[in-house]
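Here are the chains, one letter per residue:
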Amino acid sequence: MLAKSKNEIRGIDHSMSILTQIDQWPSDNAVSVVVNGNGAIVDQHGDTARVYPLASVTKLLSAYTFLVALEEEAITLEDPAGPEGSTVHHLLAHTAGYDFDSEAIRFAVGTKRGYSNFGFEKLAGHLEQQTGISMSEYAQEAVFAPLAMANTEIAGSCAKDGRSTAADLAKFSAELLNPTIVAQATLRDATRVHFENLAGILPGYGRQNPNDWGLGFEIRSSKSPHWTGASHPASTFGHFGQSGTFLWVDPEHRLACVTLTDKNFGQWAVDAWAPFNERLLADLQNNFDR
């Protein structure tokens, strides 16, 4: 393991960990894991080997797969895909105009942020057309196998049908903090805002203006309300899922958190997640100075 810099989180007292708060949530099973900038798990609570449906956290795995395909020149951002005038770039950034879960067109390409499962599924179709390889196979070969994510799969829609464990997603989080499969510049570009100053709906949290997004990665930016804490840097990126799951990466403090539950997203999550993430970040920052 690399030597820790002053910005790397030290191990903490697990008996006092805020992660134990997940036991109070209305789910039968829950797990949370924190990863530092060295890729090490510095705190965890719950069964990290239990497989959970990821819902839209799947999009992070798919987005990373698409980044590999872009680097391999299997596809390009400029490829026409989706409705007339739309490209891979628009689909990745949720600006192609599609409805949430159907091929219905809700707005002109590039004019609003319209979060869309269907748009991601069109991307998967485009990748398969260009390569002859299914999205699930491409993800397995390009991402899951290299990262030894043995208990992760996309079994159906690349927008919502992923399944994984906290242990595997900790490996993926480490990759997002220190990319090895794609160039650091590629990931940095994917996690900046694309198509700036577009309004849109963040599911479960209402209209956001702007509703910033990268290439498949949600960017925290100035969104309020939000599922991360109010003190999270604007550069924080990640995703949450309707199955009661989330993964965030804070590139400023070089930290990541994976939290998985078996309770579908609802008001309980709106009430619980932001305070949990706010306190978690504060506690982790306090450990920088120990």
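Residues numbered from 1 in each chain as written. Predicted model: local features only at pLDDT ≥ 70, side-chain atom pairs only at ≥ 80, totals over all residues. Heavy atoms only, no water.

A. Broad picture of the pattern of salt bridges. Applying the stated criterion to the full structure yields 5 salt bridges. Lys 160 is paired through a salt bridge with Asp 101; the nearest N and O atoms lie 3.4 Å apart. Here Lys 160, found in the loop between β4 (153-154) and β5 (162-164), pairs with Asp 101, found in the loop between α2 (88-92) and α3 (117-131); they are 59 residues apart in sequence, far enough to count as distant. For Asp 101, a relative accessible area of 38% gives the class partly exposed. Here Glu 218 and Lys 223 are joined by a salt bridge, their closest N and O atoms 2.8 Å apart. With respect to class, Glu 218 is no different from Lys 223; both count as buried. (Salt bridge = Lys/Arg side-chain N within 4 Å of Asp/Glu carboxyl O. Helix = DSSP H or I, 4+ residues; strand = E, 2+ residues; numbered from the N terminus. Buried < 20%, exposed > 50% of the residue type's maximum accessible area, 1.4 Å probe, protein only.)

B. Spatial organisation of the pairing of strand β11 (residues 255-261). Burial analysis of β11 places 7 of its 7 residues in the buried class, which makes it a mostly covered element. Burial of the side chains of β11 extends over both faces: Leu 255, Cys 257, Thr 259 and Thr 261 are buried on one face and Ala 256, Val 258 and Leu 260 on the other. Of the pairings in the sheet, the one linking strand β1 (residues 30-36) to β11 comprises 7 bridges and is antiparallel in character. For Val 34, the partnering residue across the bridge sits in β11 and is Cys 257. Relative to β11, strand β10 (residues 245-250) runs antiparallel, the two sharing 6 bridges. Within β11, the residue paired with Asp 250 across the bridge is Leu 255. Hairpin connection between β10 and β11: a loop of 4 residues separates the two successive antiparallel strands, and Arg 254 in this loop has a positive phi of roughly 55 degrees. (Pairing = 2+ DSSP bridges.)

C. Focus on the packing of helix α1 (residues 58-71) against helix α4 (residues 135-144). Between α1 and α4, whose axes approach to 9 Å, the crossing angle comes to 80 degrees. Regarding the angle of α1 to α4, the classification is roughly perpendicular. When α1 is examined against α4, the residues Leu 61, Ser 62, Tyr 64, Thr 65, Phe 66, Val 68 and Ala 69 are found in contact with a partner set consisting of Met 135, Tyr 138, Ala 139, Ala 142, Val 143 and Phe 144. For the contact of α1 with α4, a count of residues per class yields 11 nonpolar, 2 polar and no charged. (Axes fitted to C-alpha atoms, helices over the stretch in contact; angles between N-to-C directions. Parallel < 35°, antiparallel > 145°, perpendicular 65-115°, else oblique. Contact = heavy atoms within 4.5 Å. Nonpolar A, V, L, I, M, F, W, Y, C, P; charged D, E, K, R; others polar.)

D. Seen up close, the environment of Arg 113. Looking at where Arg 113 falls in the secondary structure, it is placed in the loop between α2 and α3. Given a relative accessible area of 3%, Arg 113 falls into the buried group. A polar atom in the side chain of Arg 113 sits 2.8 Å from the backbone oxygen of Ala 93. (Polar contact = N/O pair within 3.5 Å; in protein donor to acceptor, adjacent residues only side chain to side chain.)

E. Spotlight on α4. Buried within α4 are the following residues: Met 135, Tyr 138, Ala 139, Ala 142, Val 143 and Phe 144. The arc that holds every buried residue of α4, seen down its axis, measures 155 degrees, which confines them to one face. Lining the buried residues of α4 we find α1, α3, β4 and α5 (166-177). (Arc of directions from axis to C-beta.)

F. Up close: the sheet that holds β4. What the 3 strands build is an open sheet, ordered β3-β5-β4; its pairing is antiparallel. Looking at the sheet topology across the chains shown, the edges are occupied by β3 (52-55) and β4. Here 2 bridges tie β4 to β5, and the two strands are oriented antiparallel to one another. Note that in β5 the partner of Ile 154 across the bridge is Gly 162.

G. Inspection of the side chain of Lys 59 at higher detail. Along the chain, the position of Lys 59 falls in helix α1. For the buried Lys 59, which has no salt bridge, the nearest side chain bearing the opposite charge is Asp 101, at an N-O separation of 7.6 Å. With near-sequence residues (within four places) excluded, Lys 59 lies in contact with His 94, Tyr 115, Ser 116, Asn 117, Phe 120, Cys 158, Ala 159, Gly 216 and His 239. (Lys, Arg positive; Asp, Glu negative; His and termini not counted.)

H. Representation of the sheet that holds β10. Sheet architecture is open: 6 strands sit in the order β2-β1-β11-β10-β9-β8, paired in antiparallel fashion. The open sheet has two edge strands, β2 (41-45) and β8 (218-219), and neither has a second partner.

I. Representation of the pairing of β2 in the model. In this structure, β1 lies alongside β2, joined through 4 bridges in antiparallel fashion. Bridge pairing in β2 links Val 35 to Ile 41.

J. Representation of the packing of aromatic side chains. Throughout the structure, instances matching the rule amount to 18 aromatic pairs. Between Trp 25 and Phe 276, the ring centres sit 5.2 Å apart and the planes meet at 75 degrees, which makes this aromatic pair edge-to-face. Of the two residues, Trp 25 is situated in the segment before β1 and Phe 276 in helix α7 (residues 267-288); the sequence distance between them amounts to 251 residues. Relative accessible area serves as the criterion here: at 9%, Trp 25 is assigned to the buried category. Assessed through its relative accessible area of 0%, Phe 276 is described here as buried. Here the aromatic rings of Phe 265 and Trp 273 are separated by 5.5 Å at their centres, their planes lie at 55 degrees, and the arrangement is tilted. Residue Phe 265 shares its accessibility class with Trp 273, and that shared class is buried. By the ring-pair criterion, three or more aromatic residues cluster together here, those being Trp 25, Tyr 205, Trp 227, Phe 240, Phe 246, Phe 265, Trp 268, Trp 273 and Phe 276. Arg 50 extends its terminal NZ or CZ atom over the ring of Tyr 52, reaching a point 5.6 Å from the ring centre. (Phe/Tyr/Trp six-rings, centres within 6.5 Å; stacked < 30°, edge-to-face > 60°. Lys NZ or Arg CZ within 6 Å of the ring centre and 35° of its normal.)

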